[in-house]
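Descriptive structure summary
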Amino acid sequence: MYVSDSLKINEKGHLTICGCDTVELAEQFGTPLYVMDENQIRSNCRRYQSSFDKHYKGRGMTVYASKAFNCKEICRIINEEGLGLDVASGGELYTAVQAGFPANRIHFHGNNKTEQEIRLALEYEIGHFIADNLTELQTIDRLAKEAGKNAHVTLRIKPGIDAHTHSFIQTGQIDSKFGFALETGEAMKAIKAALEYQNIDLKGLHCHIGSQIFESSPFVLAAEVMLQLIADVKRETGVEIEELNLGGGFGIHYTSEDAPLPYDQYMELVSAAVFQKCEELELKVPFIFIEPGRSIVGETGITLYEIGAIKQIPNIRTYVSVNGGMADNPRYILYQSEYTALIANKANQPADTQVTIAGKCCESGDLIQENTMIQNPQIGDVLAVLSTGAYNYSMASNYNRNPRPAVVMVKDGTPRVVVRRESYEDLIRNDL
Ligand code: LLP
């Protein structure tokens, strides 16, 4: 079984997270429950930043991709750790600003930012607009002019790199809704257009080649391709772009089969490639941003459920139904994502029973995992699903009008609620 740094088994045979007994957490806060290890989140932030300091002479910044998990408390933690914040909507932006996140460290993404969102970002004076298309560039310039401001813009480029990952989450190739294609000349045209706009300051170029990537070579290749583009732009326009954003996508453990590289190795290899390429192309070494989301929070979170029904279908399978499902974790129904599950109150017992973990939504595909091995299940057991810190709470829905679970953060063994459990009243709040 895969168990992450913050997960242990105590003398009662219960799973613990950051020193807290998960069975007690389930009793105290109810289930389904998202639990996150704050110490681990902070240590992940520090590992990235110290890696930059070590291999890239500190000339880079880690920007947490908050689509992985966004709420006010994570924005406060990320701020305290000194990272930047990637937001991909007005809602993520608003949450960050309400949490006191400094606007100059915010990077605003999205392939169809609305005028309202752009106005809000200009009002907050965010540090970086990551512009996706020509219409957007024009709109940013127009709205910046109206506001009497200059917008700092980075252009999202499709470098044409296939990162060998799940096809739904590949974004670097030409057939992607994100960014300007390199090989068609679209990227160069966009850069030249951006340089002409009066209220746009073109600061950087960005690429993001996919998610849950385990190899370092696609990142190295992307950095080299982007530096070549910076050199081409310098040759054609005389302007040397000084910021390079290499996106996120670093893989994590979901099961013991997964073998992510230590972050330090990515940083070491990418930094070495950047230094070498800059020398070759006679470029200044750019300031680098990276945007990890999943690898900052993914392994730090677990979800706790209660088992409410067990259905054995002879010679077919055993369904173990929990009091959550696709509404709090839509990743299995969307991507058939693999997870490690275990019975938290029997964590020291052998995982010798093959089951299919089902949710409670009215939908046959509402599963958390199929044909997975867990301890012998009984009604009332607490089931833990590991590595649910990224893209679970953030992608949760109210399908079947299930209230979203609470999020509990544990720091130094002490738990606290950072997002309250939704109530039925919350569900009808906007109903007229
Ligand atoms: N930067 C950009 C521009 C992105 O689009 C993303 C993720 C990231 C950074 C962060 O990538 P990460 O380090 O978290 O891999 N819902 C999917 C993942 C979608 C990722 C979208 N973009 C999932 O649950 O696997």
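Residues numbered from 1 in each chain as written. Predicted model: local features only at pLDDT ≥ 70, side-chain atom pairs only at ≥ 80, totals over all residues. Heavy atoms only, no water.

Let's talk about the pairing of strand β20 (residues 406-411)
Note the following rule: Buried residues are those whose accessible area, probed at 1.4 Å on protein chains only, stays under 20% of the maximum for their type, while exposed residues exceed 50% and partly exposed ones sit between those limits. Comment: elements are numbered from the N terminus, with helices defined as DSSP H or I runs of at least four residues and strands as E runs of at least two. Two strands qualify as a pair provided DSSP detects at least 2 bridges between them.
For β20, the buried fraction is high: five of the six residues fall into the buried class. Pairing between strand β4 (residues 33-37) and β20: five bridges, direction parallel. If you follow M36 over to β20, its bridge partner there is M409. Judged from the five bridges that link them, β20 and strand β21 (residues 414-419) form a sheet pairing that is antiparallel. Residue pairing across strands places M409 opposite R416, the latter belonging to β21. Taking the residues that link successive antiparallel strands as the turn, the β20-β21 hairpin has two residues, and the phi of D412 there is positive, at about 45°.

Remarks on unusual backbone geometry
With omega at -10°, the peptide bond leading from T31 into P32 counts as cis. Residue position: P32 is located in the loop between α1 (22-29) and β4. Here S387, not a glycine, exhibits a phi torsion of approximately 55°, which is positive. Structurally, S387 can be placed in the loop between β19 (382-386) and β20. The class for S387 is buried, based on a relative accessible area of 2%. One non-glycine residue, Y391, lies in positive phi territory at about 55°. Relative to the helices and strands, Y391 is located in the loop between β19 and β20.

Topic: the site of the ligand
Stated formally: The near set for a molecule or strand comprises every residue that places at least one heavy atom within 4 Å of it. Here a polar contact means two N or O atoms within 3.5 Å. Within protein one must be a hydrogen donor candidate and the other an acceptor candidate, and residues neighboring in sequence count only if both atoms are side-chain atoms. Surface accessibility follows the Shrake-Rupley procedure with a 1.4 Å probe radius. Residue values consider only the protein chains on display as shielding. Under the scheme applied here, ten amino acids are nonpolar (Ala, Val, Leu, Ile, Met, Phe, Trp, Tyr, Cys and Pro), four are charged (Asp, Glu, Lys and Arg), and all others, including Gly, are polar. Where each domain starts and ends comes from a domain assignment, either automatic or drawn from a database.
The full set close to the ligand counts 19 residues, and S211, E291, R294, R331 and Y391 are the nearest of them. Separating an oxygen atom of the ligand from a backbone N or O atom of G249 is a distance of 2.9 Å. A distance of 2.8 Å separates a nitrogen atom of the ligand from a polar side-chain atom of Y335. Considered on its own, the ligand offers 580 Å² of accessible surface; in the complex 91% of this is hidden by protein. Across the shell around the ligand, the residue classes break down as six nonpolar, seven polar and six charged. For the shell around the ligand, the domains that each give at least three residues are domain 1 (7-30 + 300-427) and domain 2 (38-294).

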